[in-house]
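Observations on the model geometry
Read off the chains here:
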Amino acid sequence: MRNLVSIFRIIALTAIAWGGVELLFETEPGQWAVIEYPKTLIFIGMIFLISIAIEVSVAALRFTLFRSLSEEKQEKFLASENQLVNKLKAKYENLPQLLTRSKPVEEEGEIELDHNYDGIRELDNKLPPWWIYSFYASIVFAAIYLIRFHVFDDYTQVEEYQAEVAQAEIDIARYKETAKDLVTLETVTLMADPSDLEAGKQIYTNNCVACHKADAGGGIGPNLTDEYWILGGGIKNVYQTLVEGGRPGKGMVSWKNDFKPSELQQVASYVLSLQGTVPAEPKEPEGEVWVEETEE
Ligand code: HEC
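Each residue is numbered by its place in its chain's sequence as written, counting from 1. This being a predicted model, a pLDDT of at least 70 is required before a residue's local features are given, and a value of 80 or more before pairs of side-chain atoms are given or counted; all residues contribute to the totals for chains, interfaces and linings.

1. A closer look at the UniProt feature "domain: Cytochrome c" (unreviewed entry) in the protein chain
Condition: UniProt positions are given in the numbering used here, feature names are shortened, and annotations may be inferred rather than shown by experiment. Only DSSP runs of H or I covering at least 4 residues are called helices, and only runs of E covering at least 2 are called strands; the numbering of each starts at the N terminus.
Within this numbering scheme, the UniProt entry marks residues 195-275 as carrying the feature "domain: Cytochrome c" (unreviewed entry). The distance from the first to the last C-alpha atom of residues 195-275 is 18 Å, and the span holds 51% helix and 2% strand.

Take a look at the structure:
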């Protein structure tokens, strides 16, 4: 019993230390402070070891003290300790009664109501405290609610909804800033950032030159520098070509399994940045002149 209590105290102290660490250290939502700041584990470990040390020394001290007592006093000591345990036990056994204030079965006769339907009788028990206090709490809640929303018109449900939507939009925008790979055919845009174009050039040099030539003048694949396009120009069409591939049997495969959407956006932007450059041996134009439709 005493050992159990000790173990419980050690666990509780360690848990409190952990909780403190989680409260004190700011983390990204959904992250554990102990994982983001592993050094805090040392602190929690120390609390754990110290509480073990305290429990052990207190137990040792108690044992030596007990041994130093005369036999008579030892018995007294044990008796007083047992008394404490018995008191706690009695309280615990009373707990259901404290929570419900119900009459014990032996005394039920006192609260029996004097009607009787086919042998079914009714007791007039007191309302359980947990119930009655929740009931009072709900009355207080209702009163505050009534005054706040129907007398002072704090905010309406529509306003609450709009505020949440606005917040969600801010969150989505923030998420999109960091998550580049949400690029889709609908959202793809022409990139102009030199670092993106450089990354696109890398991919192009490693994967595309065999068919399109390093200067994109064309070989097996068409010239990518002129304004003629078989599958359509502009960022959306070029991106689509990279995702879907060209017409069947022509040799231009889909690249969607080789690269992330954001990488395809980079290559597509790089390819389009070559528009109007003059390759060494340009392949003759294929397809139609592509004119970007301006949005109305
Ligand atoms: C195996 C050879 C080959 C490779 C490798 C290749 N392509 Fe192509 N590409 C072609 C062919 C052939 C076509 C024409 C497809 C058609 O006619 O449908 C084409 C078409 C295209 C088009 C459309 C051109 C137009 O006129 O509409 C683009 C854009 C393109 N390729 C970009 C790339 C990029 C970027 C890479 C590297 C990631 C690449 N290609 C790799 C052979 C290749």
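Next comes the rest of the account.
2. Things to note about the nonpolar core
Which entries qualify depends on this criterion: Joined through C-beta atoms within 7 Å, a set of buried Ala, Val, Leu, Ile, Met, Phe, Trp, Tyr and Cys residues constitutes a nonpolar core. Residue burial is a threshold on neighbouring C-beta atoms within 10 Å of the residue's own C-beta, all placed from the backbone, with 20 or more meaning buried, 12 or fewer meaning exposed, and counts in between meaning partly exposed. Contacts are defined on C-beta atoms placed from the backbone: any two residues whose C-beta positions lie within 7 Å are in contact.
Counting residues in each nonpolar core, the largest one holds 15 residues, and the members touching the most others are Val238, Tyr239, Leu242, Val267, Ala268 and Val271. Among the secondary structure elements, those contributing two or more residues to this core are helix H9 (234-244) and helix H10 (261-273). Examining the composition of this core, we find that six residues originate from one element, H10, more than from any other. Beyond its immediate stretch of four places on either side in the chain, Val238 contacts Gly233, Ala268, Val271 and Leu272.

3. Considerations on the UniProt feature "transmembrane region" (unreviewed entry) in the protein chain
Following the UniProt record, one finds the feature "transmembrane region" (unreviewed entry) at residues 41-65 and 130-147. Secondary structure within residues 130-147 divides into 100% helix and 0% strand; the distance between the first and last C-alpha atoms comes to 26 Å.

4. Considerations on the pairing of strand S2 (residues 120-123)
Convention followed: Note: two strands are recorded as paired if DSSP finds a minimum of 2 bridges between them.
Examined bridge by bridge, strand S1 (residues 112-117) and S2 share three bridges and lie antiparallel to one another. Paired with Asn116 across the strands is Arg121, a residue of S2. Hairpin remark: S1 followed by S2, antiparallel, with two residues in the connecting loop; positive phi at Asp118, about 45 degrees.

5. Digging into the site of the ligand
Which entries qualify depends on this criterion: By definition, a residue lies near a molecule or strand provided its backbone-derived C-beta atom is within 6 Å of it. Under this grouping Gly is polar, as are all residues other than the nonpolar Ala, Val, Leu, Ile, Met, Phe, Trp, Tyr, Cys and Pro and the charged Asp, Glu, Lys and Arg.
Neighbouring the ligand are 26 residues, the closest being Cys208, Cys211, Gly221, Gly246 and Met252. Mapped by element, the contributors of at least two residues to the shell around the ligand are helix H7 (194-207), helix H8 (209-212), H9 and H10. Split into classes, the residues belonging to the shell around the ligand amount to 16 nonpolar, seven polar and three charged.

6. A closer look at the packing of helix H1 (residues 2-24) against helix H3 (residues 40-68)
Applied cut-off: Between N-to-C directions, angles span 0 to 180 degrees; the directions come from axes that are lines fitted to C-alpha atoms, helices contributing only their stretch in contact. Between 65 and 115 degrees an angle is taken as roughly perpendicular, under 35 as roughly parallel, over 145 as roughly antiparallel, and anywhere else as oblique. Crossings are classed by handedness, with left-handed meaning an anticlockwise turn of the near helix from the far one by less than a right angle and right-handed meaning a clockwise turn.
The contact between H1 and H3 brings their axes to 9 Å, and the two run at 155 degrees. It follows from the interaxial angle that H1 and H3 lie roughly antiparallel. In this structure, H1 crosses over H3, and the sense of that crossing is right-handed. Together, Ser6, Arg9, Ile10, Leu13, Thr14, Ala17, Trp18 and Val21 of H1 and Thr40, Phe43, Ile44, Ile47, Phe48, Ser51, Ile52 and Glu55 of H3 make up the contact between the two elements. Classifying every residue of the contact of H1 with H3 gives ten nonpolar, four polar and two charged.

7. Looking at the domain arrangement of the protein chain
The condition is simple: Either an automatic procedure or a domain database provided the assignment from which the domain bounds are taken.
According to the domain assignment, the protein chain consists of domain 1 (2-100) and domain 2 (194-289). Spacing between the C-alpha centres of domain 1 and domain 2 amounts to 69 Å.

8. A short note on unusual backbone geometry
In most cases, non-glycine residues show a negative phi, while peptide bonds are predominantly trans. The phi dihedral of Asp118 falls on the positive side, at around 45 degrees, and the residue is not glycine. Overall, Asp118 belongs to the exposed group, with 4 C-beta atoms counted inside 10 Å.

9. Topic: H7
Basically, it comes down to this: One fewer than the residue count of a helix, multiplied by 1.5 Å, yields its expected span. The directions from the helix axis to the C-beta atoms are what the arc is built from.
Across its 14 residues, H7 extends 20 Å between first and last C-alpha, which sits within 8% of the 20 Å expected from 1.5 Å per residue. Burial in H7 covers these residues: Asp196, Gly200 and Tyr204. Take H7 and look down its axis: the buried residues cluster within an arc of 75 degrees, on one side only. For H7, the exposed residues lying more than 90 degrees away from the buried face are Pro194, Ser195, Glu198, Thr205 and Asn206. Buried residues belonging to H7 abut H10.

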